[in-house]
There are 2 protein chains.
Amino acid sequence: MLAGEYSHNIDPKGRLTIPSKFRKVLGTEFMVTKGLDKCLSIYPESEWKRMEEKLREMSLTTNQVARKFIRFMLGSAVEGGLDKQGRILLPQPLKAYAGLDKEVVLVGVMDRIEVWDKDKWEQNQAHDEPNIELLASEMEEMGLSI
Amino acid sequence: MLAGEYSHNIDPKGRLTIPSKFRKVLGTEFMVTKGLDKCLSIYPESEWKRMEEKLREMSLTTNQVARKFIRFMLGSAVEGGLDKQGRILLPQPLKAYAGLDKEVVLVGVMDRIEVWDKDKWEQNQAHDEPNIELLASEMEEMGLSI
DNA sequence: CAATAGGTGGGGGAAAGTGGGGAATTTTGC
DNA sequence: GCAAAATTCCCCACTTTCCCCCACCTATTG
């Protein structure tokens, strides 16, 4: 399972080191794509397959919302490769979407890695953490006991 | 079951000794994550599995509340490894969240361990203990009789 | 009071992250 | 079609962080 938060830098050549803890889970085959809330998502091959399946089911319903969502997810997807130092090269459009510059935060979220611009991540944190007890109680209503 | 309260120090290298009483219950596999009320929570593997399952179900619904909460819980979580001295290394983001510096208090709470900044813990105690009878009666109103 | 167990601290080797030179490949422009 | 430019990726070097090991200190126990 992917978890944890790591601050890394995109170097002048546009390369980003994947934390070694994550590399062990990711393997060599993975997908980089636009994520929700203006971050990037990196899915291990297996998880990606699972999602593709889901999206495939949805597309059968051929409603416009699903079509748009699928375009969003798949349109931006790129197969990732690691260099021998464990780094990926981020395509310009993806960097632009997530507003990535130099300092980024890599966050393990269960089945994927999210890549955030550091400032944006910290702003979100600052915004959400004061309300986390409220969030927690909503989660409890949804059936989670902590 | 985890119970009791221990004062320990985080050493200059950021390491925290887990009380040996707790180690016996924790085993070698556990998760450290942000808890409510600005403390850290350490869950034994079994407890964590239970929560993970719940979170995974919810993540499918992809509603924003769940997404934020999962980021909160997992984003910062780390798999615990104890060194040969029975210590964990606390990542900076977790220390920052709980305001941990040097003196901390480890509290056994049923199925998890909470880690508090010592000052904060004592303040909370000082604040809550005089009112504990009131708290108890509030609990009773909620249907929780002891 | 010795002996043991638990907690604290630091040295040092190994691993991870960072950055840059430069070769190989692809893309671009004439 | 070919040279120039850009891109990608391998390699090496440096720095930082992690984690093993050992040593010491303190409290508890026989």
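The shown structure was predicted, so the numbers you read here are calculated from the model rather than taken from an experiment.

1. Quick word on the interface of chain A and chain B
Inference 1: Listed by partner, the interface residues are 33 residues for chain A and 32 residues for chain B.
Inference 2: For the pair chain A and chain B, the summed buried surface comes to about 2900 Å²; carbon and sulfur atoms form 64% of the total.
Inference 3: Sorting the residues of chain A by area buried against chain B places Met1, Met110 and Ile146 of chain A first, and these three jointly supply 21% of that buried surface.
Inference 4: Where chain A packs against chain B, one counts six salt bridges.
Inference 5: Put simply, Arg67 of chain B and Asp37 of chain A hold a salt bridge, and the shortest N to O gap is 3.1 Å.
Inference 6: Where chain A meets chain B, there are ten residue pairs in polar contact (both at pLDDT 80 or more).
Inference 7: Residue contributions to the side of chain A that touches chain B peak at six residues, all from helix α6 (residues 132-141) of chain A.
Inference 8: Counted by class, the side of chain A that touches chain B contains 15 nonpolar, six polar and twelve charged residues.

2. Notes on the sheet that holds strand β5 (residues 78-80) of chain A
Sheet strands line up and pair through hydrogen bonds in the backbone, either parallel or antiparallel.
Inference 1: Within the open sheet, the six strands sit side by side as β1-β7-β8-β4-β3-β5 (chain A). Their pairing is antiparallel. Looking along the sheet, the strands with just one partner apiece sit at the ends: β1 (2-9) and β5 of chain A. This sheet shows a mean twist of 25 degrees between the axes of neighbouring strands, independent of strand direction.
Inference 2: The pairing of strand β3 (residues 30-34) of chain A with strand β4 (residues 40-44) of chain A spans five bridges and is antiparallel. Its bridge partner lying in β4 of chain A, Phe30 of chain A is registered against Pro44 of chain A.
Inference 3: Contacting β1, β7 (103-110) and β8 (112-117) of chain A, helix α5 (residues 118-128) of chain A crosses the sheet at an angle of about 100 degrees to β8 of chain A.
Inference 4: Contacts from helix α3 (residues 64-75) of chain B reach β1, β7 and β8 of chain A within the one sheet, and its direction differs from that of β7 of chain A by about 100 degrees.

3. Let's talk about the nonpolar core
Where a protein is soluble and globular, its nonpolar side chains tend to be buried together.
Inference 1: Counting residues in hydrophobic clusters, the biggest one holds 47 residues, and the most contacted among them are Ile42 and Phe69 of chain B.
Inference 2: Per-element accounting of this core gives the leading share, six residues, to α3 of chain B.
Inference 3: Excluding anything up to four places from it in sequence, Phe69 of chain B contacts Ile132, Leu135, Ala136, Met139, Leu144 and Ile146 of chain A together with Leu55 of chain B.
Inference 4: If you look at the next biggest cluster of nonpolar residues, it comprises 20 residues, including Leu2, Ile10, Leu26 and Leu90 of chain A.

4. What about a negative patch on the surface?
Inference 1: Taken together, the side chains of Glu5, Asp101, Glu103, Asp119, Glu122, Asp128 and Glu129 of chain B make up a negatively charged region of the molecular surface.
Inference 2: Inspection of the secondary structure puts Asp119 of chain B in helix α5 (residues 118-128).

5. Overview of the protein's contact with DNA strand C
Inference 1: What surrounds DNA strand C is a group of 28 residues, the closest being Lys13 of chain A together with Lys13, Arg15, Arg23 and Arg87 of chain B.
Inference 2: The protein-proximal atoms of DNA strand C, defined as those within 4 Å of the protein, are 48% sugar or phosphate.
Inference 3: Arg15 of chain A is positioned with one of its side-chain polar atoms (N or O) 2.9 Å from a base nitrogen of DNA strand C.
Inference 4: Contact distances for DNA strand C include 2.9 Å between a base nitrogen and a side-chain N or O atom of Arg87 of chain A.
Inference 5: Sorting the residues of the surface near DNA strand C by element identifies β1, β2 (15-17) and α1 (20-26) of chain A together with β1 (2-9), β2 (15-17) and α1 (20-26) of chain B as the ones contributing at least two each.

6. Things to note about the pairing of strand β3 (residues 30-34) of chain B
Residues and elements named next belong to chain B.
Inference 1: Within β3, five of the five residues are buried, which leaves it mostly tucked inside the rest of the structure.
Inference 2: The hairpin formed by β3 and strand β4 (residues 40-44) contains five residues between the paired strands, and Asp37 there has a positive phi angle of roughly 60 degrees.
Inference 3: In this sheet, strand β5 (residues 78-80) lies alongside β3 in antiparallel orientation, the contact comprising three bridges. Bridged to Met31 within β5 is Glu79.

Rules behind the numbers
- Residues numbered from 1 in each chain as written.
- Chains lettered and ligands numbered in written order.
- Predicted model: local features only at pLDDT ≥ 70, side-chain atom pairs only at ≥ 80, totals over all residues.
- Heavy atoms only, no water.
- Contact = heavy atoms within 4.5 Å.
- Buried area = accessible area lost by both parts, 1.4 Å probe.
- Salt bridge = Lys/Arg side-chain N within 4 Å of Asp/Glu carboxyl O.
- Polar contact = N/O pair within 3.5 Å; in protein donor to acceptor, adjacent residues only side chain to side chain.
- Helix = DSSP H or I, 4+ residues; strand = E, 2+ residues; numbered from the N terminus.
- Nonpolar A, V, L, I, M, F, W, Y, C, P; charged D, E, K, R; others polar.
- Pairing = 2+ DSSP bridges.
- Axes fitted to C-alpha atoms, helices over the stretch in contact; angles between N-to-C directions.
- Core = buried A, V, L, I, M, F, W, Y, C linked by side-chain atoms within 4.5 Å.
- Buried < 20%, exposed > 50% of the residue type's maximum accessible area, 1.4 Å probe, protein only.
- Patch = residues over 30% accessible without salt bridge, like charges linked within 9 Å, V, L, I, M, F, W, Y side chains within 5 Å.
- Areas by Shrake-Rupley, 256 points an atom, 1.4 Å probe, with all protein chains shown as cover.
- Lys, Arg positive; Asp, Glu negative; His and termini not counted.
- Charge placed at Lys NZ, Arg CZ, Asp CG, Glu CD.
- Near = heavy atom within 4 Å.

Purely geometric stuff here, so don't read any function into it on its own.
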